[in-house]
Amino acid sequence: MPQTFRDLKNNIGTTLQLQITPSNKDERFYVKLIGVHKDKSIIITSPRVDGGTLKIEERQKFIIRMMTGSSAHVFTSIALFSTNRPYAHIHLSYPTELESITVRKAERVSCKLIVSIKESTDTDEQGKVASIYDISTAGAQLFSNELLGDIGSTIYINAKFSVAGIDQYLVIPGIIRRTAGSSKDDYQHEYGVEFSSI
């Protein structure tokens with residue numbers, strides 16, 4: 001298990017979860033890793049809130065979480081420089097220590113699948129449009145411009161697959177385990193869903 005940031009396979013575009021510390025609020029912000037200068041700094045997109053860029057002061061401390069494969073990693077970092085030019089981004093201090101644990105029951109596969117989300121198995125219920133961007137046998141990451149539910153809510157993912165030219169329809173029950181503002185520009189909401197059965 002990697003114990004330093006340099007040991008990780010840091011793909012540009014990886015989603016990071018930022019938590020400001022110290023803070024009385026348990027807010028989490030989702031940003032993208034857009035650059036790494038080994039042993040110097042990492043560069044991330046600026047967190048957004050209410051449609052705007054969150055102002056970050058230099059020397060602000062963060063707890064940062066990220067996923068690689070089946071492992072979750074946590075480290076602390078400090079804002080070195082924040083700017084809106086030519087686009088909003090932040091330079092963070094290069095992590096010196098890293099904590100890692102294995103958390104996933106299955107590897108996720110990247111995809112882009114348009115699905116319909118319902119609150120029940122009622123075929124007459126109007127579904128809400130969402131997109132799946134990665135999926136495993138344990139769960140999926142959903143993005144939508146509609147509110148799909150709260151943490152702990154049961155939802156039903158209705159999806160169509162084409163196998164050998166034959167359309168197959170699946171209804172997969174799941175439980176919302178995480179909600180956040182979207183880390184993708186085309187959507188407002190992001191959800192982590194654990195499958196009840198598949």
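To start, this report covers the structure provided alongside it. (Residues numbered from 1 in each chain as written. Predicted model: local features only at pLDDT ≥ 70, side-chain atom pairs only at ≥ 80, totals over all residues. Heavy atoms only, no water.)

## Concerning the pairing of strand 3 (residues 41-45)
With four of its five residues buried, strand 3 lies for the most part within the structure. One ladder, built from four bridges, connects strand 2 (residues 29-37) with strand 3; its direction is antiparallel. Following the sheet pairing, Leu33 is matched in strand 3 by Ile44. The hairpin formed by strand 2 and strand 3 contains three residues between the paired strands, and Asp39 there has a positive phi angle of roughly 70°. As judged from the five bridges shared by strand 3 and strand 8 (residues 89-93), these two strands associate in the antiparallel manner. The residue bridging Ser41 from the neighbouring strand is Ser93, located in strand 8. (Buried < 20%, exposed > 50% of the residue type's maximum accessible area, 1.4 Å probe, protein only. Helix = DSSP H or I, 4+ residues; strand = E, 2+ residues; numbered from the N terminus. Pairing = 2+ DSSP bridges.)

## So, the pattern of salt bridges
Throughout the structure, instances matching the rule amount to three salt bridges. Among the ionic pairs, Arg177 bridges to Glu194, the shortest N-O distance being 2.7 Å. Taken together, the positions of Arg177 in strand 14 (residues 166-181) and Glu194 in strand 15 (residues 189-195) put the pair 17 residues apart, joining distant regions of the chain. On the basis of relative accessible area, Glu194 is assigned to the partly exposed category, the value being 27%. Here Glu190 makes a salt bridge to Arg178, at a shortest N to O gap of 3.1 Å. Of the two residues, Glu190 is situated in strand 15 and Arg178 in strand 14; the sequence distance between them amounts to twelve residues. The exposure class assigned to Glu190 is buried, which follows from its relative accessible area of 1%. For Arg178, a relative accessible area of 23% gives the class partly exposed. (Salt bridge = Lys/Arg side-chain N within 4 Å of Asp/Glu carboxyl O.)

## Regarding the packing of aromatic side chains
Throughout the structure, instances matching the rule amount to five aromatic pairs. When the ring of Phe5 is compared with that of Phe75, the centres are 5.4 Å apart and the planes differ by 70°; the resulting orientation is edge-to-face. Here Phe5, found in the segment before strand 1 (15-21), pairs with Phe75, found in strand 7 (residues 71-83); they are 70 residues apart in sequence, far enough to count as distant. Across this residue pair, the class does not change: Phe5 and Phe75 are buried. The rings of Phe5, Phe75 and Tyr94 are connected pair by pair, giving a single aromatic cluster. In this arrangement the basic side chain of Lys184 is found over the ring face of Tyr133, its NZ or CZ atom lying 4.3 Å from the centre. Its end group placed over the ring of Phe143, Lys184 keeps NZ or CZ at 5.4 Å from the ring centre. (Phe/Tyr/Trp six-rings, centres within 6.5 Å; stacked < 30°, edge-to-face > 60°. Lys NZ or Arg CZ within 6 Å of the ring centre and 35° of its normal.)

## Focus: the nonpolar core
Grouped together as the largest cluster of nonpolar side chains are 19 residues, with contacts concentrated most on Leu16, Leu18 and Leu92. Contributions of two or more residues to this core are made by strand 1, strand 2, strand 3, strand 6 (61-68), strand 7 and strand 8. The residues contacting Leu92, other than those within four sequence positions of it, are Lys40, Ser41, Ile42, Ile44, Phe62, Ile64, Ser77, Ile78, Ala79 and Leu80. Counting 16 residues, the second largest nonpolar core, distinct from the first, contains Leu113, Ile117, Leu142 and Phe195. (Core = buried A, V, L, I, M, F, W, Y, C linked by side-chain atoms within 4.5 Å. Contact = heavy atoms within 4.5 Å.)

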